[in-house]
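# Secondary and tertiary structure notes
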Amino acid sequence: TEFEAIGSRMAAAGRFYVKYLGREATQAEKEQFGFTKLTIAQIETQIKAKPAARRYAIETAFQRHVGRAPTADEINIWMKKPTVDVIVAELEAVGSRMAAVGRLYPKYLGREATQAEKEHYGLSTTLTVTQIEADIKAKPAARRYAIETSFQRHLGRDPTPAEMST
């Protein structure tokens, strides 16, 4: 019946408000969508298109992938992205790059990466993980660490300054 269709659209609007805006929809907001002839997919598209949905996506994805809240400047930059889906996908890529840095620093530099170092590669570049790995391996500290660990592993001692310079 028509009332069931209205109820379905209202319920969908309620779910999408929570998912994309991080809050419950008011009765009036649910009814706004319930009394239309929009499909469920169209309701979702309209809710996702709200600026508040982009902001919520930025805030939640930043927290999940960067590990902190975005600054006001970062929110302004990310708000220029065209859609929630683009924001989420790009911040997932940021998270992947940051996670890679977290794995690669101990491997090649013998220490944990700082948050600033992770953010440098995650937020300030669009390098692939392979390119990030090559960049980290090219650091002078990576060469030093490789020499030191090889000497320890194979000779059981630290290299001399002369051995480090060859």
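Below you will find a few notes about this structure. On a predicted model such as this, the values are computed, not experimentally measured, just so you know.

## Some words on the overall build of the protein chain
- Tallying secondary structure elements over the protein chain gives 10 helices and 0 strands in all.
- Overall, the protein chain shows an N-to-C arrangement of helices and strands of α-α-α-α-α-α-α-α-α-α.
- The C-alpha radius of gyration computed for the protein chain amounts to 24 Å, which surpasses the reference 15 Å derived for 166 residues by more than 25%, pointing to a less compact arrangement than a globule.
- Dimensions along the principal axes, computed over C-alpha positions, put the protein chain at roughly 85 × 30 × 20 Å.
- The buried share among the 166 residues of the protein chain stands at 34%.
- Taking as baseline every contact in the protein chain between residues at least 6 positions apart, the subset at least 24 positions apart corresponds to 57%.
- With the model as given, the accessible surface of the protein chain reaches about 9,800 Å², and the carbon-plus-sulfur share is 57%.

## Re the nonpolar core
- By size, the foremost hydrophobic cluster in this structure holds 24 residues, and its most contacted members are Ile47, Ile58, Trp78 and Leu91.
- For this core, the elements supplying multiple residues, two or more each, are α1 (2–21), α3 (40–48), α4 (51–65), α5 (72–79) and α6 (84–109).
- Broken down by element, the residue count for this core peaks at 6 residues, all from α1.
- Once residues lying within four places of it in the same chain are set aside, the contact partners of Trp78 are Ile58, Phe62, Ile87, Glu90, Leu91, Val94 and Leu123.

## Description of the packing of aromatic side chains
- Across all of its chains, the model carries 1 aromatic pair by this definition.
- The interplanar angle of 40° and the centroid separation of 6.2 Å between the aromatic rings of Phe16 and Tyr20 together place this pair among those described as tilted. Separated by 4 residues within a single helix, Phe16 and Tyr20 lie in helix α1, roughly one turn from each other.
- Taking relative accessible area as the criterion, Tyr20 reaches 9% and is therefore assigned buried.
- Between the NZ or CZ atom of Arg15 and the centre of the ring of Phe16, over which it lies, the distance is 6.0 Å.
- Above the face of the Trp78 ring, Lys81 is positioned so that its terminal group lies 5.3 Å from the ring centre.

## Considerations on the packing of α6 against helix α8 (residues 129–137)
- Their axes nearest at 10 Å, the elements α6 and α8 cross at an angle of 30°. With respect to α8, the element α6 is oriented roughly parallel. Seen along the crossing, α6 lies across α8 with a hand that is right-handed. From α6, Arg97, Ala100, Val101, Leu104, Tyr105, Lys107, Tyr108 and Leu109 reach across to α8, where they touch Val129, Ile132, Glu133, Ile136 and Lys137.
- Classifying every residue of the contact of α6 with α8 by side-chain character gives 9 nonpolar, no polar and 4 charged.

## Considering the pattern of salt bridges
- The final tally for this structure, using the stated rule, is 10 salt bridges.
- Where Glu29 meets Arg23, a salt bridge forms, and the shortest distance between an N and an O atom there is 2.7 Å.
- Judged by its relative accessible area of 16%, Glu29 is buried.
- Across the pair Arg157 and Glu163 runs a salt bridge whose closest N-O atoms are separated by 2.8 Å.
- On the accessibility criterion, Glu163 (24% relative accessible area) is partly exposed.
- Three or more residues joined by partner-sharing salt bridges are found here, namely Glu2, Arg9 and Lys37.

What counts and what doesn't
Residues numbered from 1 in each chain as written. Predicted model: local features only at pLDDT ≥ 70, side-chain atom pairs only at ≥ 80, totals over all residues. Heavy atoms only, no water. Helix = DSSP H or I, 4+ residues; strand = E, 2+ residues; numbered from the N terminus. Rg over C-alpha atoms; globule rule 2.2 N^0.38 Å. Buried < 20%, exposed > 50% of the residue type's maximum accessible area, 1.4 Å probe, protein only. Contact = heavy atoms within 4.5 Å. Areas by Shrake-Rupley, 256 points an atom, 1.4 Å probe, with all protein chains shown as cover. Core = buried A, V, L, I, M, F, W, Y, C linked by side-chain atoms within 4.5 Å. Phe/Tyr/Trp six-rings, centres within 6.5 Å; stacked < 30°, edge-to-face > 60°. Lys NZ or Arg CZ within 6 Å of the ring centre and 35° of its normal. Axes fitted to C-alpha atoms, helices over the stretch in contact; angles between N-to-C directions. Parallel < 35°, antiparallel > 145°, perpendicular 65-115°, else oblique. Left-handed = near helix turned anticlockwise from the far one by under 90°. Nonpolar A, V, L, I, M, F, W, Y, C, P; charged D, E, K, R; others polar. Salt bridge = Lys/Arg side-chain N within 4 Å of Asp/Glu carboxyl O.

Any functional reading would require information beyond the geometric quantities listed.
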